[in-house]
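Per-entry structural report
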Amino acid sequence: MRVMVFFDLPTETTENRREYARFRRSLIKSGFIMMQESVYCRMLINQQAGQMVINTIRQNRPPHGIVQVMMITEKQFSKIEMITGSYQTEVLTGDERLVFI
C-alpha cells in the first residue's frame with residue numbers, strides 16, 4: 001500500500017509560509033518522500049497502518065489551503081507513467097527498504 005498526499009497551501013504571508021514548512025516537515029518526519037512539489041508518498045504495510053498515518057496528517061493539517069490524501073495499492077502505484085521529466089531515485093519503488101518489526 002501507498003499513501004499519497006497532495007497539498008496546495010497559501011504562502012503569501014510569513015505565517016502561511018511557517019504553516020507550510022511545519023506541515024511539510026511533519027510529512028518528512030512521518031516517513032514521506034517527495035515525488036514532486038506538493039506531492040508526497042509513503043509505503044505502508046496495510047490499510048490499518050494507512051488509517052493511522054491519515055489520522056496523523058489530520059492532526060497536523062494547516063488551518064488554510066487544501067490537503068488531499070489517497071491510498072493506493074502497489075500494483076496501482078507501479079502503473080504510474082512518467083510522461084515528462086526524469087525518474088527520481090529517492091522514491092521507493094519496492095519494499096527492499098521496508099523494515100518489518
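Look up a bit, the structure's there.
This one's a predicted model, so the numbers in the text were calculated from it and none came from an experiment.

With that out of the way, let us pick up the nonpolar core. Judged by nonpolar contacts, Met1, Val3, Val5, Phe7, Leu9, Phe23, Leu27, Phe32, Tyr40, Leu44, Val53 and Ile57 together constitute the single largest core of twelve residues. In this view, Phe23 contacts Val5, Phe7, Leu9, Ile57, Asn60, Arg61, Pro62 and Val67; residues no more than four positions away in its chain are not counted. Counting five residues, the second largest nonpolar core, distinct from the first, contains Met4, Cys41, Ile72 and Phe77.

What follows is about helix H2 (residues 47-59). With 13 residues, H2 extends 18 Å from end C-alpha to end C-alpha; this agrees with the ideal 18 Å at 1.5 Å per step. At the N-terminal boundary of H2, the capping side chain belongs to Asn46, with an oxygen 3.2 Å from the backbone nitrogen of Gln48.

Inspection of the sheet shows strand S2 (residues 33-36) paired to strand S3 (residues 39-43) by three bridges, in the antiparallel sense. Looking across to S3, one finds that Met34 is bridged to Tyr40. Counting the residues that bridge the hairpin from S2 to S3 gives two residues, and of these Ser38 lies at a positive phi of roughly 70°.

Further remarks concern the sheet that holds strand S1 (residues 2-8). Pairing is antiparallel in the open sheet, where four strands are placed in the order S2-S3-S1-S4. The two strands at the open ends of the sheet, each matched to only one other strand, are S2 and strand S4 (66-72). Put simply, the sheet's adjacent strands are angled 25° from each other on average, direction ignored. Lying on the sheet, helix H1 (residues 14-29) is in contact with S1, S3 and S4; it crosses S1 at an angle near 175°. Strands S1, S3 and S4 of the sheet are contacted by H2, whose axis makes an angle of about 175° with S4.

Procedures and definitions
- Residues numbered from 1 in each chain as written.
- Predicted model: local features only at pLDDT ≥ 70, side-chain atom pairs only at ≥ 80, totals over all residues.
- Heavy atoms only, no water.
- Core = buried A, V, L, I, M, F, W, Y, C linked by side-chain atoms within 4.5 Å.
- Buried < 20%, exposed > 50% of the residue type's maximum accessible area, 1.4 Å probe, protein only.
- Contact = heavy atoms within 4.5 Å.
- Helix = DSSP H or I, 4+ residues; strand = E, 2+ residues; numbered from the N terminus.
- Expected span 1.5 Å × (residues − 1).
- Polar contact = N/O pair within 3.5 Å; in protein donor to acceptor, adjacent residues only side chain to side chain.
- Pairing = 2+ DSSP bridges.
- Axes fitted to C-alpha atoms, helices over the stretch in contact; angles between N-to-C directions.

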